[in-house]
Amino acid sequence: MSVTICLAPARTIDYPEGGGHLWVYLNWALALRAIGCRIIWLEAVDLDGAASPAPSGRRCDVDVRECLAILKERLEPYGLADAVALFPLNGKTLPRDLAERCLDLEAAAEADLLLNLWHSLPPAVVSRFRRSAFVDTDPGLVQIWMTAGQLQVAPHDAYFTVGEAVGTATARFPDCGLEWRYTPPPVFLPEWPSAQADSGAPYTTVAHWWGGSVRFAGERFSNDKRAGFLEYAELPAHTPVTLELALCLRQVYEEWRGRLAPLGWRVRDAWEVSATPEKYRAYLQRSRGEFSCAKPTYVKLATGWISDRTVCYLASGKPAVVQHTGPSRYLPDDEGLFRFKTMEEAVHALARVESDYERHCRLARALAEEYFDGRRVVTRVLEHALSERACHPRLAI
């Protein structure tokens, strides 16, 4: 497929410690390139400060030039360092030394398609492209924020979501008058081969601990991973497997390690074990499997969401035991992937995995190959996003 795709990630330039965050978009980019697409990696920069806060409050605490250098260093092993395009958020002109190191917005806008994975990409940028598609990676939350006027997603030609419930009759939240098409999160399988772990390796996950809350229909929902995990705080006492959390905690790391360790949890600093794409991949692949709770919003809204991180565990041949986030048309609940709703179910799932571990490793990889193979996923997205029927009049949101 000889087309140029401009991929707009959610501010990777502002998060140099986020190896897992970067893999969200690397999986898209590498899969697109594998089917013959040329890739442009579009990043926003704030020229009024060192670097502006990313949507989750993360920050690159260095000069924007150093942030760019780090991003290019991260992308270099994957042949994408020269694909970076920059545009200023504040309407200023890029300094010459920055402009000379990257493509600009004018060059990026020549792409056949803008594939936008950042819900706050400015409308003035989106409108520069002849065709555009938005991919919602925060199902339920994005639609609530849009409905409440807290988020203004620019009009696009096509809308995709990683939440199976979005836009369906079973959804517990509005569709904002848009036609949402479901897409699984992709994983680029050649970069995520099956990997064996030591028998004593822990079940792990990588997570941000806080995420605030959201109010909808008179009810407030927690968006904290912390709240999700604390419901299962006593789990280590009920299972013989080792459970380890790699958490982004910054200055309160020792405080939370002191709270969780007596309950049986092992706690690691996420920025120590997963700061680069290579460290993140190695951490997942040295794990025995994944155990993770979801943000309460995904659970209570029954979005049908599965994490891009979980998909990487599955591709690596790692069974995943994760919290149930709603009905699925294809996800199993007890074969390679286990989705639990209660403490009892979580304990049972871990025991089931351990009772036939090698089989569930094979099933995990097979699940990734069948449903999350990046080349298949991006091919289906492009088939719709580039079709004439996807180009309806742009809706005002």
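Use the structure listed above.
Residue numbers restart at each chain and count upward from 1, following the sequence in its written direction. Whole-chain, interface and lining totals are the exception, using all residues; otherwise, since this is a predicted model, local features are given only for residues with pLDDT of at least 70 and side-chain atom pairs are given and counted only at 80 or more. Water and hydrogen atoms play no part in the side-chain values, which are based on all heavy atoms of the structure.

Enquirer: Looking at this model, I keep getting lost on the nonpolar core. Mind explaining?
Expert: Here is a general trend for soluble globular proteins: nonpolar side chains tend to be buried in one another's company. Grouped together as the largest cluster of nonpolar side chains are 91 residues, with contacts concentrated most on Trp 41, Leu 80, Leu 115 and Phe 129. Of the residues forming this core, the biggest block, 10 residues, is contributed by helix H1 (residues 19–34). We call a set of buried Ala, Val, Leu, Ile, Met, Phe, Trp, Tyr and Cys residues a nonpolar core when their side-chain atoms join them within 4.5 Å. Exposed residues in this analysis have more than 50% of their type's maximum accessible area, buried residues have under 20%, and partly exposed residues fall in between, with area computed by a 1.4 Å probe over protein chains only. Per the convention used, a helix needs a DSSP run of H or I reaching at least four residues, while a strand needs a run of E reaching at least two, with both numbered from the N terminus.

Enquirer: How should I be thinking about the sheet that holds strand S16 (residues 334–335) in this particular structure?
Expert: Strands belonging to one sheet form pairs held by backbone hydrogen bonds; the direction of such a pair is parallel or antiparallel. Taken in spatial order, the seven strands of this open sheet run S13-S12-S9-S14-S15-S17-S16, and their pairing is mixed. On the outer flanks of this sheet lie strand S13 (266–269) and S16, each paired with one strand and no other. Bridge count for strand S9 (residues 203–208) against strand S12 (residues 243–248) is six bridges, and the pairing is parallel. Within the sheet, the bridge partner assigned to Val 206 lies in S12 and is Ala 246. Here helix H12 (residues 308–315) sits on the sheet in contact with S9, strand S14 (289–292), strand S15 (320–323) and strand S17 (337–340), set at roughly 155° to S14. Sheet strands in contact with helix H13 (residues 343–355) are S9, S12, S14, S15, S16 and S17, and its direction is about 165° off that of S17. We call two strands paired when DSSP finds no fewer than two bridges between them. Contacts between residues were defined by any pair of non-hydrogen atoms, one from each residue, lying within 4.5 Å. Orientation is described by axes fitted as lines to C-alpha atoms, over the contacting stretch for helices, and by angles from 0 to 180 degrees between their N-to-C directions.

Enquirer: Please explain the pairing of S12 as it appears in this structure.
Expert: The side chains of a regular strand alternate between both faces of the sheet. Counted residue by residue, S12 has six buried out of six residues, so it is predominantly covered. Burial of the side chains of S12 extends over both faces: Leu 243, Leu 245 and Leu 247 are buried on one face and Glu 244, Ala 246 and Cys 248 on the other. Inspection of the sheet shows S12 paired to S13 by four bridges, in the parallel sense. Bridging across to S13, Ala 246 finds its partner in Arg 268. A crossover connection joins S12 to the parallel S13 through helix H8 (residues 253–260); in handedness this β-α-β unit is right-handed. Here the term right-handed applies to a crossover when the path leading from its first strand over the helix to its second strand runs clockwise, the strands being oriented away from the viewer.

Enquirer: Would you mind showing me how to read the packing of aromatic side chains here?
Expert: What describes a pair of aromatic rings is the distance from one ring centre to the other and the angle between the planes of the rings. Side-chain rings of Phe, Tyr and Trp (the six-membered ring for Trp) are treated as a pair once their centres are within 6.5 Å; stacked means planes under 30 degrees apart, edge-to-face means over 60, and tilted covers the remaining angles. Applying the stated rule across the entire model yields 17 aromatic pairs. On the numbers, 6.4 Å between centres and 85° between planes, the contact of Tyr 15 with Trp 271 is edge-to-face. Taken together, the positions of Tyr 15 in the loop between strand S1 (4–8) and H1 and Trp 271 in helix H9 (residues 270–273) put the pair 256 residues apart, joining distant regions of the chain. For the pair Tyr 15 and Trp 271, a shared accessibility class is recorded, and that class is buried. Members of the aromatic cluster, connected to one another through ring pairs, are Trp 209, Phe 229, Tyr 232, Trp 256, Trp 265, Phe 291 and Phe 340. The rule for a charge over a ring is simple: NZ of Lys or CZ of Arg within 6 Å of the ring centre, and within 35 degrees of the ring normal. Above the plane of the ring of Trp 256 lies Arg 259, whose end atom (NZ or CZ) is 4.3 Å from the centre.

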